[in-house]
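Architecture at a glance
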Amino acid sequence: MIINLIQTVSKSNSFYFTAIVFFLSLILYSCTSSKQTKTEEILQHESEVTSPELTQLIIDAAMSEQKNPMYSKTHDSTYLYWLDNRLVILRNQSKCNIFALNTLYIAGFKTPDVNTLTNDLMDESRFNDIFPVVKIENPDEIRQGDLLVWYGHMIIFDYLIKRNGRYYAQAWWAGTRQPDNGENIINNVIYGKYPLKEFFIVRRPVIDTP
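A brief report on the enclosed structure follows. Only a predicted model underlies this, so the values are computations on that prediction, with no experimental measurement involved.

Procedures and definitions
Residues numbered from 1 in each chain as written. Predicted model: local features only at pLDDT ≥ 70, side-chain atom pairs only at ≥ 80, totals over all residues. Heavy atoms only, no water. Helix = DSSP H or I, 4+ residues; strand = E, 2+ residues; numbered from the N terminus. Expected span 1.5 Å × (residues − 1). Buried < 20%, exposed > 50% of the residue type's maximum accessible area, 1.4 Å probe, protein only. Pairing = 2+ DSSP bridges. Salt bridge = Lys/Arg side-chain N within 4 Å of Asp/Glu carboxyl O. Contact = heavy atoms within 4.5 Å. Axes fitted to C-alpha atoms, helices over the stretch in contact; angles between N-to-C directions. Phe/Tyr/Trp six-rings, centres within 6.5 Å; stacked < 30°, edge-to-face > 60°. Lys NZ or Arg CZ within 6 Å of the ring centre and 35° of its normal.

Three or four residues apart is the spacing at which side chains of an α-helix point the same way, because the helix has 3.6 residues per turn. Spanning twelve residues, helix 3 (residues 96-107) covers 17 Å between terminal C-alpha atoms, matching the ideal 16 Å at 1.5 Å per step. Along helix 3, ten of the twelve residues are buried, which leaves the element largely enclosed by surrounding structure. Taken residue by residue, helix 3 has Cys 96, Asn 97, Ile 98, Phe 99, Ala 100, Leu 101, Asn 102, Thr 103, Leu 104 and Ala 107 as its buried positions. Positive phi shows up at Gly 108, right after helix 3, with a value of about 95 degrees.

See the structure below:
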């Protein structure tokens, strides 16, 4: 109908024809611009919502993996999920690195192609394509799902606790001197408060997209 109207007007008056074409162009441009802006708003909103949803996958996976008895010191056979379930024999050892990497793997995040120890992760020149090192000015910048790594230990960060001027991480990790209590400590995996003292580095996991 619009095309017929334009053809009719164009035959009778070129001025009106030009005016109508200009007017229709403005309408189409306005609609297109509005649609693009709305899309950008949606994408921005989804990005803000998706980030905590993704990191919550890590926390949920840690909670589930805590129930696996292989992290207990009484179990020698331990499987590395991220390396095609490779079997390793660990006698009377804590397994913080294995617990953390297995958790990332089942949560859908990138993991190394080698067996990786905490000392390996302390080398800031390595693994930055998988979980890059994040430089922080203060503990408030640590995010849920981040790996906090020391020489000989690592934890999965959930949220920050400030108490009496000190910082603690509410976190998941394997390897504790405390006995299992059936509540927050199961199979030598603990969900608890860990002091943020001494030197540590922060690594931020990356989702493994196809």
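Back to the write-up after that little detour.
Turning next to the pairing of strand 6 (residues 166-174). Across a regular strand the side chains alternate sides, sitting on one face of the sheet and then on the other. Along strand 6, seven of the nine residues are buried, which leaves the element largely enclosed by surrounding structure. By the bridge criterion, seven bridges tie strand 5 (residues 153-163) to strand 6 in an arrangement that is antiparallel. In the strand pairing of strand 6, Ile 156 is matched with Trp 172. In sequence, strand 5 turns back onto strand 6 through a hairpin of two residues, with Asn 164 there showing a positive phi of about 55 degrees.

Applying the stated rule across the entire model yields five salt bridges. Between Lys 162 and Asp 140 there is a salt bridge, with its nearest N and O atoms 3.1 Å apart. Taken together, the residues Lys 162 in strand 5 and Asp 140 in the loop between strand 3 (133-134) and strand 4 (147-150) connect sequence positions 22 residues apart. Judged by relative accessible area, which is 41%, Asp 140 ranks as partly exposed.

Taking strand neighbours across the sheet as the criterion, the seven strands line up as 3-9-4-5-6-8-7 in an open arrangement whose pairing is antiparallel. The sheet is open, and its two borders are formed by strand 3 and strand 7 (185-186), each paired with just one other strand. Sheet strands touched by helix 3: strand 4, strand 5, strand 6 and strand 8 (189-195). Its angle to strand 5, the strand with the most contacts, is close to 85 degrees.

Note on aromatic pairs: each is described by the distance of the centres and the angle between the planes. Counting across every chain of the model gives six aromatic pairs. With 5.3 Å between their ring centres and 90 degrees between their planes, Tyr 71 and Phe 99 make a pair best called edge-to-face. With Tyr 71 in the loop between helix 2 (14-65) and strand 1 (77-80) and Phe 99 in helix 3, the pair connects residues that are 28 residues apart, well separated along the chain. On the basis of an interplanar angle of 40 degrees and a centroid distance of 5.2 Å, the ring pair of Trp 150 and Phe 200 is categorised as tilted. Note that Trp 150 is positioned in strand 4 and Phe 200 in the loop between strand 8 and strand 9 (201-203), a separation of 50 residues in sequence. By relative accessible area, Phe 200 is classed as buried at 16%. Through a chain of ring-to-ring contacts, the aromatic side chains of Trp 150, Trp 173, Tyr 194 and Phe 200 assemble into a single cluster. Positioned above the aromatic ring of Tyr 168 is the side chain of Lys 193, whose terminal nitrogen or guanidinium carbon lies 4.6 Å from the ring centre.

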